[in-house]
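Descriptive structure summary
One letter stands for each residue in the lines below.
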Amino acid sequence: FQCSVESKAAQIYNYRSVLENLSVSQALQLAETVGVFDNLASKRLLRLRGLMVDLVLATDVSLHFDILEKFESTVYARRKIVTVSSAAGSSGRRHTTGRRP
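Read on for an overview of the structure. (Residues numbered from 1 in each chain as written. Predicted model: local features only at pLDDT ≥ 70, side-chain atom pairs only at ≥ 80, totals over all residues. Heavy atoms only, no water.)

On to the overall build of the chain. Secondary structure summary: the chain contains four helices and zero strands in total. N-terminal to C-terminal, the α/β element order of the chain is α-α-α-α. Buried positions account for 14% of the 101 residues belonging to the chain. Accessible area for the chain stands at about 8,400 Å²; split by element, carbon and sulfur atoms hold 57% of it. (Helix = DSSP H or I, 4+ residues; strand = E, 2+ residues; numbered from the N terminus. Buried < 20%, exposed > 50% of the residue type's maximum accessible area, 1.4 Å probe, protein only. Areas by Shrake-Rupley, 256 points an atom, 1.4 Å probe, with all protein chains shown as cover.)

An α-helical turn contains 3.6 residues, so any two residues separated by three or four positions project in the same direction. With 16 residues, helix 2 (residues 18-33) extends 22 Å between its outermost C-alpha atoms, agreeing within 8% with the 22 Å of an ideal straight helix rising 1.5 Å per residue. Here helix 2 has its buried residues at Val-18, Glu-20, Asn-21, Val-24, Leu-28 and Ala-31. Of the residues flanking the end of helix 2, it is Gly-35, one or two places downstream, whose phi is positive at about 85°. (Expected span 1.5 Å × (residues − 1).)

On to a nonpolar patch on the surface. On the surface, Leu-30, Val-34 and Val-36 cluster together to form a nonpolar patch covering roughly 300 Å² of accessible area. Along the chain, Val-36 turns up in the loop between helix 2 and helix 3 (42-57). (Patch = residues over 30% accessible without salt bridge, like charges linked within 9 Å, V, L, I, M, F, W, Y side chains within 5 Å. Salt bridge = Lys/Arg side-chain N within 4 Å of Asp/Glu carboxyl O.)

Counting through the fold element by element, Leu-63 comes out in the loop between helix 3 and helix 4 (64-87). Owing to a relative accessible area of 31%, Leu-63 belongs among the partly exposed residues under this scheme. Once the C-alpha coordinates of Leu-63 and Ser-17 are considered, the two residues, 46 residues apart in sequence, prove to be 8.8 Å apart. Not counting the four nearest positions on each side in its chain, Leu-63 is found in contact with Ser-17 and Leu-57. (Contact = heavy atoms within 4.5 Å.)

Have a look at this one:
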């Protein structure tokens, strides 16, 4: 709706996930105002803010199938790695890509 009426918010957020971007922006501003992030080191603050943005933007229904496809690809790739490791007779250790599951 915001995009179809070319609202100010749609323009600000480049017509992408407008309400989600607006919501997370306001939530982060409120959290800063009341001091939620005051005791976080800058590196942790950046990571937390990034996670919050990612989580809220993931609620955009128009992105559902893209997110689902990425998730399924990740699950498939990890299963394939575990299967290959098991078939190679590994000592029960799993090969990882360096990222946490």
